Amino acid sequence: MAKNHDLKTVVIDHIAIDYFYIREKNDINGNPRYRVYIIDPETPTIYETIIKTYEGLIKDHVKMFVEGVKR
């Protein structure tokens, strides 16, 4: 059976970056963790990272991650 993920989009420098995330179990201190998959629009690459944050702040972390990779 195929898995479906809710694809999100963030716009950085007029480029649409698609990403989706999966909730992981909490870390040792009880903070929420998410496994985030960021799809590169220019190459056939998917970046995977684990972010310790609240769900509402994932978009900001994706922006910071993409800007760090572009350098």
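First things first, this report covers the structure right here in the doc. (Residues numbered from 1 in each chain as written. Predicted model: local features only at pLDDT ≥ 70, side-chain atom pairs only at ≥ 80, totals over all residues. Heavy atoms only, no water.)

**Quick notes on the sheet that holds strand β4 (residues 46-52)**
If you walk across this open sheet you meet the four strands as β1-β2-β3-β4, and the pairing is antiparallel. Of all the strands in the sheet, just β1 (8-12) and β4 have a single pairing partner and so form its edges. Going across the sheet, the axis of each strand differs from the next one's by a mean of 30 degrees, ignoring polarity. Bridge count between β1 and strand β2 (residues 15-24): five bridges; the pairing is antiparallel. Across the sheet, V10 pairs through a bridge with I17, a residue of β2. (Pairing = 2+ DSSP bridges. Helix = DSSP H or I, 4+ residues; strand = E, 2+ residues; numbered from the N terminus. Axes fitted to C-alpha atoms, helices over the stretch in contact; angles between N-to-C directions.)

**What about the nonpolar core?**
The biggest cluster of nonpolar side chains holds eleven residues, and these are V10, I12, I17, Y19, Y34, V36, I38, I51, I58, V62 and V66. Listing elements by their share of this core, those giving two or more residues are β1, β2, β3 (33-39) and α1 (58-70). Every residue in contact with Y34, bar those within four places of it in the chain, is listed here: Y21, I22, R23, E24, T49, I50, I51, T53, Y54, E55 and I58. (Core = buried A, V, L, I, M, F, W, Y, C linked by side-chain atoms within 4.5 Å. Buried < 20%, exposed > 50% of the residue type's maximum accessible area, 1.4 Å probe, protein only. Contact = heavy atoms within 4.5 Å.)

**A word on the pattern of salt bridges**
For the structure shown, the criterion picks out four salt bridges. Measuring nitrogen to oxygen at the nearest pair gives 2.7 Å for the salt bridge that ties K8 to D6. E24 is paired through a salt bridge with R35; the nearest N and O atoms lie 3.1 Å apart. Of the two residues, E24 is situated in strand β2 and R35 in strand β3; the sequence distance between them amounts to eleven residues. Overall, the relative accessible area of 23% leaves E24 in the partly exposed class. Shared partners join several salt bridges into a network, and the residues in it are E24, R35 and E48. (Salt bridge = Lys/Arg side-chain N within 4 Å of Asp/Glu carboxyl O.)

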